[in-house]
Amino acid sequence: MKAFMGAFHALVLLVPAVALAVPHYVAPRDWGSFIWLSTYLDAGQSYTFETRDLTGTAPDTVLHVLRDRSGWSQVAVSDDCAGTTRSCVTFTAPDSGYYRVWVRAYADGRGGTASVYRNGTLLVANQPFGGVPISFAWNAKETFRATSTTPNAGDHLVFLLRSNTEYLQHDDDSGPKHYPRVVASSTQNGGSQRVVVGRYPGSSGTASFVHDEELWSTIFDDNDGDEDGISDALEPLAGLSKDNADSDGDMVPDTWELFGNDGFSFSEWGSPTARDVYVEVDWMQHPTNPYLTRQPYPALVADAAAVFSRDSGVRLHAFIDGALPWHEVVCFGACSGGVDFYSLKGSGFSSANPERRPYFHYVVWANKHSSSTNCSSGRAEMLGNDVIISMGCWSSPSAAEQRGTFIHELGHNLALDHNGNDVAGQYSEVHNSVMNYRYQLTGVSHSGWHSYSFGGNGCAACGSSPKAECIECRDGFLGCGFPGCGSCDCDVNEWGSLAVDFSDDGDADDGAGRTLLASYAPDDKGGPARFQPLVPYVERPEAMRREAVLRKRERLLARGQVEGRDFHVSPDGTVLYAECP
């Protein structure tokens, strides 16, 4: 999110609203932790709860006691105690049961640590308390949510208050992936109402906050022009396009990147304003010989992501997932003595997280592909989402060789070819790219850094370089000549030509038609209906795959790539791929 937008949002949100309800958005931030504890009380007994031992820059607690009797209500509350910023309250328990004690900061920046006592007995000692109250007006049935932006972290709660102390309602985990989602039961526009956002005790991480009365407008609603489930009023606040359901063009819908979803949460990993590439890696595990097992080295994910982070505006998220049953040979389609890649994909690809399947590339780290005598390092769909990495002829491939091959094969999925450097002994030094076989295993210019090219040398460099720089090479895409050298390729800007839409059809569903983003199902804790993904993975019929191949073939030919050299089409016309030595 743009920095100035984030600052603007914060400024708008922290000023009390005096107008009618309008959408609000706060970019990802640290909201601080609540003290949120359960304690059993007996009916008719008197209890005193208080906070003590406050630490922090300007610590100031507010203490609420809540009870759930087929719906939450507030039993007691305390802001200041005897002229101090700590809290204390005495009340008689109306019935027996478990009560919740909620301790939060009075205002943003007033958090710290505190101890909580009940009738003089310590319940919890020196626990962090925080939370941020936000003041604005809202109407009944409007939606409030917090969505974590920290991977595998950030369990949050959202509370609605009529004033700084009068509790209305709250939610813990009724939203996507159990994030908080509250639907207002009443209109509040008197100028003193507040929404308080904070983390569950013990959790960490950041979250964004969204309030929008038209957030879940239907695809038939005139207030959602791009039909992505995010209203036209909210989209500019979040830096999104009102006319594009995928504002950053990375094929993951804005809705999921902003709010998340059950299971795998794109909001934790991605951003609706920055292009993200997602990859799942499974590997062949030999049942008896660990030396044949083809599991990639553990740091591959971080190493490959570092290349993308340093060299482009595209963010790579790779996940080494699980082991597959051993097969010596893996093929795109049926083959003698081998297993069909697509049968492996049907059973092994994101079986626990089906909602991510249409948006992920799938890599099988195999032994060999196509035949038991083939020593090719890999085969990958061009402008696609499937990869076979097959380093069976390497007895023990190094981390650099694995990393280079992984990024190289992923490049084919992103529509990059070899730029003419695909014949033995004809590998140009001018094309500084991991897509060049000269640098696939050793790194660009033998630096160990496996990156696509920036096009910095270009044709001018080729024309002015000494003959040794051209070596023996042949025509490639945008090839250029050098006297005495024959034909020499150019160092094209591959980072600028990545095609993130791997199905090349302009949508985010791998060519299977418009994907419904969500349905609603009753919450398992009795709260509001929860967001449920509807993205079952079904491999496309052969006719659809042939149609997709024809579309990709035309696009690659238009880019200057040569069929039979830069890419190949399978005999049955269902796979368009690149072959690597």
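In the block above lies the structure referred to throughout.
Read on for a plain summary of the structure. (Residues numbered from 1 in each chain as written. Predicted model: local features only at pLDDT ≥ 70, side-chain atom pairs only at ≥ 80, totals over all residues. Heavy atoms only, no water.)

## Topic: the overall build of the chain
Consideration 1: Looking only at helices and strands, the chain has 10 helices and 30 strands in total.
Consideration 2: Contacts in the chain between residues far apart in sequence, at least 24 positions, make up 69% of those at least 6 positions apart.
Consideration 3: For the chain, the exposed area adds up to about 22,500 Å²; of that, 53% sits on carbon and sulfur atoms. (Helix = DSSP H or I, 4+ residues; strand = E, 2+ residues; numbered from the N terminus. Contact = heavy atoms within 4.5 Å. Areas by Shrake-Rupley, 256 points an atom, 1.4 Å probe, with all protein chains shown as cover.)

## As for the sheet that holds strand β23 (residues 378-381)
Consideration 1: With mixed pairing, the 7 strands of this open sheet are ordered in space as β18-β17-β21-β24-β23-β30-β29. The sheet is open, and its two edges are formed by β18 (315-325) and β29 (568-569), each paired on a single side.
Consideration 2: Pairing of β29 with strand β30 (residues 576-580), which is carried by 2 bridges, proceeds in the antiparallel orientation. Directly across from H568, in β30, lies its bridge partner Y577.
Consideration 3: On top of the sheet, helix α6 (residues 399-413) reaches β17 (276-285), β18, β21 (360-366), β23, β24 (386-390) and β30; it is set at about 30° to β23, its chief contact. (Pairing = 2+ DSSP bridges. Axes fitted to C-alpha atoms, helices over the stretch in contact; angles between N-to-C directions.)

## Let's talk about the side chain of S570
Consideration 1: By the element assignment, S570 lies in the loop between β29 and β30.
Consideration 2: A residue is classified by how much of its surface remains accessible, and S570, at 11% relative accessible area, is buried.
Consideration 3: At 3.3 Å, the side chain of S570 forms a polar contact with the backbone nitrogen of T574.
Consideration 4: Dropping the residues within four chain positions of it, S570 is found in contact with V575 and Y577. (Buried < 20%, exposed > 50% of the residue type's maximum accessible area, 1.4 Å probe, protein only. Polar contact = N/O pair within 3.5 Å; in protein donor to acceptor, adjacent residues only side chain to side chain.)

## Considering the pattern of salt bridges
Consideration 1: Under the criterion given, the structure shown has 18 salt bridges.
Consideration 2: Measuring nitrogen to oxygen at the nearest pair gives 3.0 Å for the salt bridge that ties D95 to R69. Of the two residues, D95 is situated in the loop between β6 (88-92) and β7 (97-105) and R69 in the loop between β4 (61-68) and β5 (72-78); the sequence distance between them amounts to 26 residues.
Consideration 3: Residue R69 is classed as partly exposed on the basis of its relative accessible area, which comes to 36%. (Salt bridge = Lys/Arg side-chain N within 4 Å of Asp/Glu carboxyl O.)

## So, the nonpolar core
Consideration 1: Judged by nonpolar contacts, the single largest core of 54 residues is most densely connected at V279, F308, F406 and Y452.
Consideration 2: Looking at this core, the elements that each hand over two or more residues are β17, α4 (300-311), β18, α5 (341-348), β21, β24 and α6.
Consideration 3: Excluding anything up to four places from it in sequence, V279 contacts L316, H317, A318, F319, F360, H361, V363, F406 and L410.
Consideration 4: Counting residues in each nonpolar core, the second largest holds 18 residues, with A76, V89, A93 and A105 among its members. (Core = buried A, V, L, I, M, F, W, Y, C linked by side-chain atoms within 4.5 Å.)

## Some words on the packing of aromatic side chains
Consideration 1: By the definition in use, this model includes 31 aromatic pairs.
Consideration 2: Ring centres of W36 and W72 lie 6.3 Å apart, and the angle between their planes is 45°; this geometry places the pair in the tilted category. Note that W36 is positioned in strand β2 (residues 35-41) and W72 in strand β5, a separation of 36 residues in sequence.
Consideration 3: Using a relative accessible area of 8% as the deciding quantity, one classes W36 as buried.
Consideration 4: What makes W72 partly exposed here is its relative accessible area of 31%. (Phe/Tyr/Trp six-rings, centres within 6.5 Å; stacked < 30°, edge-to-face > 60°.)

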